[in-house]
Amino acid sequence: MALTNGNEIFKQARAGKYAVGAFNINDLEWTRSILEAAQETNTPVLVQTSMGAAKYMGGYELCLHLVQDTIKSMGITVPVVMHLDHGNYEAAKECIEVGYNSVMFDGHDLPFDENLAKTKEIVKLAHAKGISVEAEVGSIGGTEDGIVGLGELADVEEAKTLNATGVDYLAVGIGNIHGVYPDNWKGLSFDRLEELASVIDTPLVLHGGSGIPKEQIIKAVSMGISKVNVNTELQLSFAKATREYIEAKKDLDIDEKGYDPRKLLAPGAKAITETTKERIAWFGTPSIK
């Protein structure tokens, strides 16, 4: 299956009141595990790299080739979107040049007029090559690649203005945060989501999908969220399974070569697949007919 820009996938999700998962990759295990989950559930999937993860893995071009070649080697038949997550202006331009199918330009930390102008430029560059664009309005809480957000609620008028640039999906701040949610988190603002969804037909994106209670995820999806980002949840699942393997001292089993990285990483990789499948079910993503 060739990579796709995902436009029709997310339009259908918005119309059908379900969401498609966007899962961050960090290495080969992450890539294989997420693609395996999508194939087993027969659902489309978006795989994405943050700027930091792409740097860690060796650059955007390497990440793109990793995904393309893994799709081929695994015989993946479901639609896959390759996306830049929380890219700044230069990263978005580089990924457009490299050949990602979809990019997010995150200009929420800029003055709104600058965010708007740069979003327009990224839309122009990307759409000329058939590449999708995600923009963000309203700060997402937590820290992502050094950008700190306080979890603001997106301004409805700013959202309408940014959406008018022709973006293909719009990330909105509705009280969501990146990373682990604190005990005093107040939950999603469904009132603000309702306001946004009533005036914007473009598929809406929920960042910080890890840690939001299932019932809130389902409600948000029913109200217009069409793409849900998941990263921390997979990292926690991977870490937990890996810790259990080591605490059971399986890595010290010389006879079974428990120290072999293929065995050491296998429980974590399986945990990523299972968590991804669970989230796909939460999002209500239908199987491809």
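In this text the structure is predicted, and so the values were computed from the model without any measurement.

Q: In this structure, what is going on with helix H12 (residues 266–283)? I would like to understand it.
A: Within an α-helix, residues lying three or four positions from one another point in the same direction, as the helix has 3.6 residues per turn. A rise of 1.5 Å per residue sets the reference length of H12, with its 18 residues, at 26 Å; its end C-alpha atoms lie 26 Å apart and thus fit the reference within 8%. Buried within H12 are the following residues: Gly268, Ala269, Ala271, Ile272, Thr273, Thr275, Thr276, Arg279, Ile280, Trp282 and Phe283. The secondary structure elements touched by the buried residues of H12 are strand S1 (20–24), helix H2 (28–41), helix H9 (214–222), strand S10 (225–230) and helix H10 (232–247). Just past H12, the residue Gly284 takes up positive phi, approximately 75°.

Q: Would you explain the environment of Glu61 in this entry?
A: When you line up the elements, Glu61 lands in helix H4 (residues 60–74). Sequence separation between Glu61 and Gly99 is 38 residues, and the spatial gap between their C-alpha atoms is 8.0 Å.

Q: Is there a simple way to explain the pattern of salt bridges in this structure?
A: Once the charged atoms of two side chains with opposite charge are near each other, the side chains can pair. For the structure on display, the rule yields 15 salt bridges. Where Glu134 meets Lys227, a salt bridge forms, and the shortest distance between an N and an O atom there is 2.8 Å. Of this pair, Glu134 sits in strand S5 (residues 132–137) while Lys227 sits in strand S10, and the two are 93 residues apart along the sequence. Given the relative accessible area of 0%, Glu134 is considered buried. Relative accessible area serves as the criterion here: at 1%, Lys227 is assigned to the buried category. Note that Glu244 and Lys240 form a salt bridge whose closest N and O atoms lie 2.7 Å from each other.

Q: Is there a simple way to explain the confidence of the model for the protein chain in this structure?
A: Interpretation of this model should avoid reading the predicted coordinates in detail wherever pLDDT is low. Across the protein chain, the average pLDDT comes to 92, with 94% of residues at or above 70. Across residues 142–150 the pLDDT falls below 50, and counting only partners more than four positions away or on other chains, this stretch makes 22 contacts in the model.

Q: Would you mind showing me how to read the UniProt feature "binding site: Zn(2+) 2" (unreviewed entry) in the protein chain here?
A: Cross-referencing UniProt, the feature "binding site: Zn(2+) 2" (unreviewed entry) maps to Asp106 and Glu136 in the present numbering. The greatest C-alpha distance among the annotated residues, which extend across 31 residues, is 5.6 Å, indicating that they converge on a single site. Along the chain, the position of Asp106 falls in the loop between strand S4 (102–105) and helix H6 (112–127). With residues near it in sequence (within four places) discarded, Asp106 still touches His86, Gly87 and Glu136. A polar side-chain atom of Asp106 sits 2.6 Å from a polar atom in the side chain of His86. When you line up the elements, Glu136 lands in strand S5. By relative accessible area, Glu136 is classed as buried at 0%. Residue contacts for Glu136: discarding those within four places in its chain leaves His86, Met104, Phe105, Asp106, His108, Asn115, Leu162, Leu170 and Ala171. A distance of 3.2 Å separates the side chain of Glu136 from the side chain of His108, its partner in a polar contact.

Q: Quick question: what am I supposed to make of the packing of aromatic side chains here?
A: Aromatic ring pairs are defined here through the distance separating the ring centres and the angle between the ring planes. Going through the model one piece at a time under the given rule, you end up with four aromatic pairs. Centre to centre, the rings of Trp30 and Phe238 are 4.7 Å apart; their planes meet at 40°, and the pair counts as tilted. Placement of Trp30 in helix H2 and of Phe238 in helix H10 is noted, with a sequence separation of 208 residues between them. The pair Trp30 / Phe238 is uniform in exposure class, with both members buried. Lys219 extends its terminal NZ or CZ atom over the ring of Phe190, reaching a point 4.4 Å from the ring centre. Here the guanidinium or amino end of Arg279 rests over the ring plane of Trp282, the centre of that ring lying 3.9 Å away.

What counts, and at which threshold
- Residues numbered from 1 in each chain as written.
- Predicted model: local features only at pLDDT ≥ 70, side-chain atom pairs only at ≥ 80, totals over all residues.
- Heavy atoms only, no water.
- Helix = DSSP H or I, 4+ residues; strand = E, 2+ residues; numbered from the N terminus.
- Expected span 1.5 Å × (residues − 1).
- Buried < 20%, exposed > 50% of the residue type's maximum accessible area, 1.4 Å probe, protein only.
- Contact = heavy atoms within 4.5 Å.
- Salt bridge = Lys/Arg side-chain N within 4 Å of Asp/Glu carboxyl O.
- pLDDT = per-residue confidence, 0-100.
- UniProt positions renumbered as here; feature names shortened; annotations may be inferred.
- Polar contact = N/O pair within 3.5 Å; in protein donor to acceptor, adjacent residues only side chain to side chain.
- Phe/Tyr/Trp six-rings, centres within 6.5 Å; stacked < 30°, edge-to-face > 60°.
- Lys NZ or Arg CZ within 6 Å of the ring centre and 35° of its normal.

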